[in-house]
Amino acid sequence: VQLQASGGGLVQAGGSLRLSCAASGRTFSTYNLGWFRQAPGKEREFIAYISRSGAMTYYADSVKGRFTISRDNAKNTVYLQMKSLKPEDTAVYYCAAEIRGSSWTLDESREYDYWGQGTQVTVSS
């Protein structure tokens, strides 16, 4: 499984960005997917999770109400819509896939099997 994240960039505080993560493989609809981020000097942090069907989502408190995770199984792509961005959202953002078919909400990096290369998001004040 290969994951390719894109859509990062420089944005002013209060602005919006949409990240995309395209995945290889013909069984994309069986993957649970997540987004994480890592700021300089900090540990990787869970942001959002979406289940295989897209029916279940889960967010970190720090982004709840501002970020939305979604997926398009026909396009093998997962998205992260980010609104009302803050300087503290500045980080490298990673998408991740869990391919074993867990039914649990996955909010820890160790639960994921494959990772994208990351895309930089910088929010200026």
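Here goes a summary of the coordinates provided. Predicted model only: the values in this text are computed from it and were never measured.

Let's talk about the environment of G7
- As for its position among the elements, G7 is in the loop between β1 (3–6) and β2 (9–12).
- For G7, a relative accessible area of 34% gives the class partly exposed.
- Separated by 103 residues in the primary sequence, G7 and R110 place their C-alpha atoms 25 Å from one another.

Some words on the state of the cysteines
- Under the definition given, this model contains one disulfide.
- Shown here is the disulfide that connects C21 with C95, its sulfur atoms set 2.0 Å apart. Looking along the S-S bond of the C21-C95 disulfide, the torsion reads about 60°, which is the right-handed sense. Of the two residues, C21 is situated in strand β3 (residues 17–23) and C95 in strand β9 (residues 91–98); the sequence distance between them amounts to 74 residues. The same class applies to C21 and to C95, which are both buried.

Parameters and conventions
Residues numbered from 1 in each chain as written. Predicted model: local features only at pLDDT ≥ 70, side-chain atom pairs only at ≥ 80, totals over all residues. Heavy atoms only, no water. Helix = DSSP H or I, 4+ residues; strand = E, 2+ residues; numbered from the N terminus. Buried < 20%, exposed > 50% of the residue type's maximum accessible area, 1.4 Å probe, protein only. Disulfide = S-S within 2.5 Å.

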